[in-house]
Structures are given as C-alpha cells and as structure tokens.
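Report on the structure
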Amino acid sequence: MSKSSEFPTILLVTGWATAATVAAFVVATTGQDAPEPAPAAPIVTAEAAPEAAPEPVAETPVAEAAADPGIVIPAAVPLGLGRPALPEEIDAWDLAVLPDGTGLPEGSGDVETGDAVFAENCASCHGDFAEGLDSWPVLAGGAGSLTDRRPVKTIGSYWPYLSTVFDYIHRSMPFGQAQTLSVDDTYAITAFLLYSNGLVEDDFTLSHENFTEIVMPNADGFYPDDRPETEYSLFRAEPCMENCRTAAPEVTKRAVEISVTPRDADGKPAGTLPVLSLVATGKTVAPAEPAAEAPAAEPAAAEPATETTGVSPAAEPASGAPDPTLIAAGETVFKKCAACHKVGEGAKTAVGPALNGVIGAAMAQAGGFNYSATLAEMGAGGGVWDATALHSFLENPKAFAPGTKMAFAGLKEPEDRDAVIAYLSTFGP
Ligand code: HEC
Ligand code: HEC
C-alpha cells in the first residue's frame, strides 16, 4: 500500500466480481492523511496485548502479528479499515453481461461504425478483417472447423453466446488499454465482428434491444455439465480393495506384437499435426512412407544400411513426384543450410559438402570434401541417406553422428525436415 496513492485500494478480492460480492468489499483509503501504523493497533485484544507484545504492536504489520502465537486476532473484531464501496466503484467492477442479456448497458452501434472503430483500435493486432495478424488471435472465420485436427476457434465458430463477446471486449480490450471503449463503440464493434463472421448484413445495427435475438452458430455446442447426475454415481460406488479379480490374468498380447507408436492413416505417428502449408492448399499428406514403417516392422534391423543400399525406398516417394508446395517450403527451409551447403547446377564444396543427389546416396561420398571421421565411417559401413537417416541427422546432427563437423542445431519440426528433404530430392547427382 503506497502512501502517496490517492486511489482507494481494494483489499480483498476473492473470485468473480458480481454486484453482491463487490458490495461486500472493504475499501481502504490510503490518502496522505491516513495514519500509517494504524492496522495493527485495533486487532490486538485487550487481554493479549499487554503481556504478549505491548510495545512493538504499533509497528507490527498484520501478517506478522497473526503469525505470532502470542497475539490473538479474534475473527469477529472489525479491522477498523476502509468504508463501504461507493455505487460508482461497484459499477466499475460490475461489468458482467449474461447470455440472457442481464447486465447489458443501454446503447447501440452499427457495422459501419464498428468497422471504423475496429480499424482504429483493434486492427493493429487482430487485422482489418479480424483475421488476426501474425500470432494475435483471429476473431473471424473457422466455421465448421471445430472437428478438424486444428480447429480455428473464433467468436463465430466457437463462442456460444454474444454476451461473452460484448463482455470480453468491453472489459479487456484493446489489449493494454482495457475499458477505454464506450458502450456504443462496444456495440458497434460487436456488430462488426458479427458481420466479419458472416452472421449479419452490413447494414445491421446492434443494440441492447435486439441483442438477445442473435443466436451464435455454436450455441448448441455447449451444454450444462450433467456429469454429477449422469456419471458420478458410477464412480462413487465403494471401490473394491481386495480379491477383486475373479479369474487369473490372461496374456492377450505382447508388446512386440503391437505397434508401440500408433499411426494415423497418413502414416505419421498418431496425433502428428498436418503440414500447415498443405492444409492451406487443401492437399492431403502423402501416404505412408515405406521407410518410416521399416524399423517398426523389422525390429532386428540392426544394419538396415546394407539392405537398403542401392535404390532406397525413401528416395522414391510412392506417390510419384513430390508435392510442389512441399518443395517450395523446403526451399525456404534450405536458407538455414545455404550458408554451408550449395546445391544445384555447378554447386561446389563449401563449409559443408555440395548436396546434389544426396537423397538415397551413400553417406560421406561427395568428392573433394574432408568428412569427419564419424560420417566417413558411417559411409564406409554402408550408411545411406534415406528419409529415416536424414530425419534423424537433420533433427539433431550431433546425436545422429557424434563428432560430426556439421555445426548446426538441427530442424526440430518434422514438417521442416520433410520439406527440405523434398526440396533436396529435386537435385540429382
Ligand atoms: C495490442 C494487441 C491487441 C489489440 C490492439 C487488441 N487486442 Fe484483442 N486480443 C489481444 C490478445 C493478446 C488477446 C488474447 C488475450 C488472452 O488470451 O488473454 C486478444 C483477445 C481478444 C478476443 C478474444 C479472442 C478469443 O477467441 O479468445 C477478442 C474478442 C478481442 N481480443 C477483441 C479485440 C477488440 C474488439 C479490440 C479493439 C477494441 C482488440 N481486441 C484490440 C491483443 C489485442
Ligand atoms: C554451419 C554449417 C552447416 C549448416 C548450417 C548445415 N550443414 Fe549440413 N553439413 C555441414 C558439414 C560441415 C557437413 C559434413 C559433416 C561431417 O563431415 O561430419 C555436413 C553434412 C551434411 C549432410 C551429409 C552430406 C554427405 O555427403 O554425407 C547432409 C545431408 C547435410 N549436411 C544437410 C544439411 C541440411 C539439409 C542443412 C539445413 C537444414 C544443413 N545441412 C545445415 C555443415 C552445415
């Protein structure tokens, strides 16, 4: 509590600020004229004070006094602080707007005004069309995407009630300047966001009167939590604590028989997110790469290299030519490599070897390059740059080839590695 603050300080804030709880808050004034050491004095009972701590009491802060077992603080004695909150102070906290319209302030605003206010106050982060700049939240679109692997959750696609939009914006936006928007501007912005989500026409005006007529598309996607009635009873039965098993356990499967990492239909480990650039262009991910299956299918492949020398399955994607979008993405990723590697016509040895024809080639074979002993040995041992090897190497060069000369931290994203491998596959020997 600073002495110089002229504003009342809320001492006790526990939970959601409804009018009722705000009214119960104790508000302390801390103006210059307020006697500073006051807090401790009134909380010491007449009996305890003299014997327990007669002198330092006046300077002891409340917390310390409470920690001292010698000082008794009866709960019922008023702290002697503060005053009841003013109606204005309660109003300032009592912003909540409920789905049925409770708490809506009177006012209105149209889409056109909202567009202008949004452009001025919000577009710097959320974009002119509420599309979300950089990684600021996107506020429009995403309709029908909720069941996708990467749902786009926006006001339009996800939020069940318009009251939340109004309440949230009025309470906390613009980010960093919360509660600077007027009521009418908040109505206008809310109308504009409805328009951006294709829910109203451009001549729409939103007001406290027609507010509750708006039904959000995902209103039915939420329902009251009924688990206390429907499910809890199933779990609340007395648990069995002894002799619970009626028959002897039976082994149905062994770990070696089941794939330890389940795979999705696209051949990637389950839950692997799709490559965003592919999603954007509506392309599907290439079918399972044979190379990715190899280690799981044949656990004994301690020396897979000798078997895969020659035409590596990974070098030739099953689906024919690699995806142009992926290649383009790979070209971008390759900028991280270009400081050390040249590729393409006339590519020469640089800090690292030229990478023409590297996909499917034996390791450490580029002429004119002095490889580390590690990579040279791997190459001599029959190691081949198939997709699996490249993925491991590029993810973490030092882990795959300890002692490698490739001073590169690695590409942590599998998408990036896929892309750069696709890009490299376009350069023949
Ligand atoms: C300085 C950047 C910035 C500005 C300007 C800004 N916002 Fe935000 N907005 C954010 C951030 C950051 C979040 C996420 C906050 C969080 O999750 O706690 C957000 C969240 C939101 C959300 C919730 C999105 C969701 O789906 O969870 C809405 C609605 C919103 N802002 C509306 C607005 C409006 C309307 C304005 C203009 C009056 C505005 N914002 C101005 C940064 C900004
Ligand atoms: C800081 C320089 C540097 C960067 C950046 C770098 N590399 Fe390398 N790279 C090397 C060096 C040096 C070697 C040789 C490693 C050895 O001998 O152990 C190498 C080896 C390789 C090899 C094996 C080539 C062969 O002939 O066996 C491949 C494949 C490769 N790098 C790909 C990449 C890719 C793809 C990137 C970018 C994602 C990249 N590198 C980034 C320096 C670099």
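Scroll up to find the structure.
This one's a predicted model, so the numbers in the text were calculated from it and none came from an experiment. (Residues numbered from 1 in each chain as written. Chains lettered and ligands numbered in written order. Predicted model: local features only at pLDDT ≥ 70, side-chain atom pairs only at ≥ 80, totals over all residues.)

Counting 28 residues, the largest nonpolar core has W385, L390, A419, V420, I421 and L424 as the members making the most contacts within it. Counting residues per element, the ones that place at least two in this core are helix 14 (324–333), helix 15 (373–380), helix 16 (387–395) and helix 18 (414–424). Excluding residues that lie within four positions of it along the chain, W385 makes contacts with V358, I359, G360, A361, M363 and L390. Of all hydrophobic cores here, the second largest spans 26 residues; its members include F118, V165, I169 and Y195. (Core = buried A, V, L, I, M, F, W, Y, C linked by C-beta atoms within 7 Å. Buried ≥ 20, exposed ≤ 12 C-beta atoms within 10 Å, placed from the backbone. Helix = DSSP H or I, 4+ residues; strand = E, 2+ residues; numbered from the N terminus. Contact = placed C-beta atoms within 7 Å.)

This part takes up the site of ligand 1. Close to ligand 1 lie 19 residues; C122, C125, M173, P174 and F175 are nearest. Breaking the shell around ligand 1 down by element, the ones donating at least two residues are helix 6 (123–126) and helix 7 (162–172). Residues of the shell around ligand 1, tallied by class, amount to 14 nonpolar, five polar and no charged. (Near = placed C-beta within 6 Å. Nonpolar A, V, L, I, M, F, W, Y, C, P; charged D, E, K, R; others polar.)

On to the site of ligand 2, then. With respect to spatial proximity, 28 residues lie near ligand 2, and among them C337, C340, G352, S372 and T404 are the closest. Residues belonging to the shell around ligand 2 are distributed by class as follows: 20 nonpolar, six polar and two charged.

Where the residue is not glycine, phi is negative for most of them; where a peptide bond is considered, it is trans in most cases. A cis geometry characterises the amide bond from M173 onward to P174, with omega recorded as -5°. By the element assignment, P174 lies in the loop between helix 7 and helix 8 (183–196). The phi dihedral of A130 falls on the positive side, at around 65°, and the residue is not glycine. Structurally, A130 is set in the loop between helix 6 and helix 7.

Nothing here speaks to function; it is all geometry.
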